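# Residue-level structural notes
Listed below, chain by chain, are the residues.
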Amino acid sequence: MSDLEQLTQALGRNLRRWRGERGFTLEALAARAGVSRGMIIQIEQARTNPSVGTTVKLADALGVSITTLLDRDRGPRVHLVEPGQGVRMWSTAGGSGATMLLGDDRRGPLEVWAYRLEPGEGTASDPHPAGTLEMLHVTAGRLTLTVDGEPYEVPQGGAVSFEANVPHEYRNDGAEPMEMTMAVSIPPVSGHESPPAH
């Protein structure tokens, strides 16, 4: 079985489990996540490999990290990720990409990511649940971070934090590759809340 097939099966199994633990019907999770009921069924049956955006929406709606949804097994207290062993969430032909390095849900979802953006490339994110905080540290190049329409320039060695419940985008408008480490803290979700209003 390929790595992709293993991830697809783990995602289906974990999505069913967390939906059950939260007490969400298919309809309730679909409403919370903004993902169709049919797509959730396909994911739970491991018949499709959803986009990163869909996976993020489902994780946010369940109040768990993406790592938890993709985890094949929960390991010991120390979770060592060897170089190159993170989960590659997206990449471009030009060499940009994002890798989920670590995630944990014990005190509300917390994720650590490694990003690389080649010159002229970028990626946008939909708003996350209220209370979500992102913290970024630029280790190479220069990041143009746009939060709710307002751009911020973050140079190499600089760091920034922001509340991520608004649209935000990461871009490399420079001539050199940009690399950053990002931590995302998501507030816990109770399973018996009503879905957010759209």
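Before reading further, recall that the structure is shown in the block above.
Remember, predicted model here, so these are calculated numbers, not experimental data.

Looking now at the packing of helix α1 (residues 3-22) against helix α4 (residues 52-62). In contact at an axis separation of 10 Å, α1 and α4 are set at 25° when each is read in the N-to-C sense. Between α1 and α4, the angle is such that the two are roughly parallel. Judged by the sense of rotation from one axis to the other, the crossing of α1 with α4 is left-handed. Across the interface between the two elements, Leu11, Leu15, Trp18, Arg19 and Arg22 of α1 pack against Thr55, Leu58 and Leu62 of α4. Of the residues assigned to the contact of α1 with α4, the class counts are five nonpolar, one polar and two charged.

Covered by surrounding structure in strand β9 (residues 168-171) are His168 and Tyr170 only, the residues Glu169 and Arg171 on the alternate face being uncovered. As paired elements, strand β4 (residues 122-125) and β9 share four bridges and run antiparallel to each other. Among the inter-strand pairings, Thr123 is bridged to a residue of β9, identified as Tyr170. With four bridges joining them, strand β6 (residues 143-147) and β9 adopt antiparallel strand pairing.

This paragraph deals with the environment of Pro109. Along the chain, Pro109 falls in the loop between β2 (97-104) and β3 (110-117). A relative accessible area of 1% places Pro109 in the buried class. Between the C-alpha atom of Pro109 and that of Ile66, which follows or precedes it by 43 residues, the distance is 8.6 Å.

By secondary structure assignment, the location of Ser96 is in the loop between β1 (87-91) and β2. Of the polar contacts made by the side chain of Ser96, one reaches the backbone nitrogen of Glu118; its length is 2.7 Å. Beyond its immediate chain neighbours, meaning those up to four positions away, Ser96 contacts Arg88, Trp90, Ser91, Arg116, Leu117, Glu118 and Glu121.

Our focus in this paragraph is the packing of aromatic side chains. Each aromatic ring pair is summarised here by two numbers: the centre-to-centre distance and the angle between the ring planes. Considering all chains together, one arrives at three aromatic pairs under this definition. Between the aromatic rings of Trp90 and Tyr115, the centroid separation amounts to 5.9 Å while the plane-to-plane angle is 70°, which identifies the pairing as edge-to-face. Placement of the pair is Trp90 in strand β1 and Tyr115 in strand β3, with a sequence separation of 25 residues. In this structure, Trp90 and Tyr115 share a single accessibility class: buried. Judged by centre distance (6.1 Å) and plane angle (45°), the ring pair of Trp113 and Tyr115 falls under tilted. Accessibility classification places Trp113 together with Tyr115 in one group, the buried group. An aromatic cluster is defined as three or more aromatic residues linked by ring pairs; in this entry it consists of Trp90, Trp113, Tyr115 and Tyr170.

What counts and how
Residues numbered from 1 in each chain as written. Predicted model: local features only at pLDDT ≥ 70, side-chain atom pairs only at ≥ 80, totals over all residues. Heavy atoms only, no water. Axes fitted to C-alpha atoms, helices over the stretch in contact; angles between N-to-C directions. Helix = DSSP H or I, 4+ residues; strand = E, 2+ residues; numbered from the N terminus. Parallel < 35°, antiparallel > 145°, perpendicular 65-115°, else oblique. Left-handed = near helix turned anticlockwise from the far one by under 90°. Contact = heavy atoms within 4.5 Å. Nonpolar A, V, L, I, M, F, W, Y, C, P; charged D, E, K, R; others polar. Buried < 20%, exposed > 50% of the residue type's maximum accessible area, 1.4 Å probe, protein only. Pairing = 2+ DSSP bridges. Polar contact = N/O pair within 3.5 Å; in protein donor to acceptor, adjacent residues only side chain to side chain. Phe/Tyr/Trp six-rings, centres within 6.5 Å; stacked < 30°, edge-to-face > 60°.

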